[in-house]
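# Understanding the architecture of this molecule
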Amino acid sequence: MSSQKKPLVIVTRKLPDAIETRMMELFDTRLNLDDKPMSKTELMEAVKVADVLVPTVTDRIDAGILSQANPDLRLIASFGTGVDHIDLAAARQRGITVCNTPGVLTEDTADMTMALMLAVPRRLTEGERKLREGDWSGWSPTHMLGHRIWGKRLGIIGMGRIGTAVARRAKAFGLSIHYHNRRRVHESVEQELEATYWESLDQMLARMDIISVNCPHTPATYHLLSARRLKLMQPTSYIVNTSRGEVIDENALTRMLRAGDIAGAGLDVFEHEPAVNPKLIEMDNVVLLPHMGSATIEGRVDMGEKVLINIKTFVDGHAPPDRVLPDL
């Protein structure tokens, strides 16, 4: 990539105006102004000419697309934290560096997780719908009864940045913190959160009142919450997922929610996005959101600034700060 010539940067979706403006200033940039998702064919055409590709988590950059990449494509600066949409091994084979935008969405996603944790047991969206539909004749002692979360046990699956941020919020709401993770967190964190570590996910699932899914989607976590594991949960328990839909066997979860084997669910992500199981939509004991856990203006701008830094650092001949290693 010549230092005398601005690199051609192709952006697959509409980004915040401030980020797009700075990109236009720094690079030879092609924007997606109408925000229409690129087809596989369009992505193939993009990699044939781009020096840098800026995809999002909804763009599947697989080996087939990368096989069409021109020799000058040396950087994929993804706008998002997860990288399961990119074939990292194929990128490495072609000498393409992959970056993401970690760390900036921790608080936003943790806020949304906590919101769902409150919304499901207290039947907030169900109550809001009744009010809008005129199905409310006034207060009564037994109307719209839910469950308090104070004093309940929360089991966090994935105690990384977001899981830890969720734990801090949940502790302030009076929840007892439990977690399952590939590795036990530092003792000081456990002491701060008064957290209990479970090496066995099965054992934790059987004892919790609320389960929060905060682990990334990897081949190892696909259907981590399988039908077998979901059956371990108590019929009075709730599950919240703001991570990735593929971590849960959605069909099994739907069956169990309908049967009353699980009390309720708060889902911001789905296994086959943007498709949502119609049976989930019909249920009153499920709160559904359109993958908006990280959707704050501040968060999106912070993501864009990381993309800019990664590209500029790489173009200047240095290792970008948020490089993703294939084995991670």
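Residues numbered from 1 in each chain as written. Predicted model: local features only at pLDDT ≥ 70, side-chain atom pairs only at ≥ 80, totals over all residues. Heavy atoms only, no water.

### Remarks on the layout of surface pockets
Looking at the second largest pocket, its volume works out to about 380 Å³. For the lining of the second largest pocket, the class distribution of residues is four nonpolar, five polar and seven charged. Counting the residues that make up the lining of the second largest pocket, at least three belong to each of domain 1 (8-100 + 297-316) and domain 2 (105-288). (1 Å grid on protein atoms, 1.4 Å probe; cavity = no way out; pocket = protein on both sides within 12 Å on 5 of 7 lines; lining within 4 Å. Points joined across faces, edges and corners; volume = space filled by probe spheres on them. Nonpolar A, V, L, I, M, F, W, Y, C, P; charged D, E, K, R; others polar. Domains from an automatic or database assignment.)

### Looking at the environment of asparagine 241
If you trace the backbone, asparagine 241 turns up in strand β10 (residues 238-241). With a relative accessible area of 1%, asparagine 241 lands in the buried category. For the pair asparagine 241 and methionine 117, spaced 124 residues apart in the sequence, the C-alpha separation amounts to 9.7 Å. Not counting residues up to four positions away in its chain, the partners in contact with asparagine 241 are Val213, Ile248, Gly266, Leu267, Asp268 and Val269. Within the structure, asparagine 241 has its side chain in polar contact with the backbone nitrogen of serine 243 (distance 2.9 Å). Separated by 3.1 Å, the side chain of asparagine 241 and the backbone oxygen of arginine 244 make a polar contact. (Helix = DSSP H or I, 4+ residues; strand = E, 2+ residues; numbered from the N terminus. Buried < 20%, exposed > 50% of the residue type's maximum accessible area, 1.4 Å probe, protein only. Contact = heavy atoms within 4.5 Å. Polar contact = N/O pair within 3.5 Å; in protein donor to acceptor, adjacent residues only side chain to side chain.)

### Concerning the UniProt feature "domain: D-isomer specific 2-hydroxyacid dehydrogenase catalytic" (unreviewed entry) in the chain
Per the UniProt record, "domain: D-isomer specific 2-hydroxyacid dehydrogenase catalytic" (unreviewed entry) is found at residues 18-324. The span residues 18-324 carries 37% helix and 13% strand; its end-to-end C-alpha distance comes to 25 Å. (UniProt positions renumbered as here; feature names shortened; annotations may be inferred.)

### Examining the packing of helix α5 (residues 106-119) against helix α7 (residues 161-172)
Orientation of α5 relative to α7, taken along the N-to-C sense of each, is 50°, at an axis distance of 9 Å. Overall, the two elements α5 and α7 adopt an arrangement that is oblique. The hand of the α5/α7 crossing is right-handed. Where α5 abuts α7, its residues Thr106, Glu107, Thr109, Ala110, Asp111, Thr113, Met114 and Met117 lie against Arg161, Ile162, Ala165, Val166, Arg169 and Ala170. Considered class by class, the residues forming the contact of α5 with α7 number seven nonpolar, three polar and four charged. (Axes fitted to C-alpha atoms, helices over the stretch in contact; angles between N-to-C directions. Parallel < 35°, antiparallel > 145°, perpendicular 65-115°, else oblique. Left-handed = near helix turned anticlockwise from the far one by under 90°.)

### A short note on the pattern of salt bridges
Taken as a whole, this structure holds 20 salt bridges when the rule is applied. Lysine 40 is the salt-bridge partner of aspartate 62, the closest N and O atoms lying 3.5 Å from each other. Here aspartate 62 is found in the loop between β3 (52-54) and α3 (63-66), whereas its partner lysine 40 is found in helix α2 (residues 40-49), with 22 residues between them in sequence. A single salt-bridge network, built from bridges that share partners, covers Lys14, Asp17 and Glu20. (Salt bridge = Lys/Arg side-chain N within 4 Å of Asp/Glu carboxyl O.)

### Comments concerning the sheet that holds strand β11 (residues 264-267)
Strand order in the open sheet formed by seven strands is β8-β7-β6-β9-β10-β11-β12, and the pairing between neighbours is parallel. Every interior strand has two partners, whereas the edge strands, β8 (196-197) and β12 (286-288), have only one. Relative to strand β9 (residues 210-213), strand β6 (residues 153-157) is paired through four bridges, and the arrangement is parallel. If you follow glycine 155 over to β9, its bridge partner there is isoleucine 211. Most of the contacts of α7 go to β6, to which it runs at about 170°, and overall it touches β6, β7 (176-180) and β9. (Pairing = 2+ DSSP bridges.)

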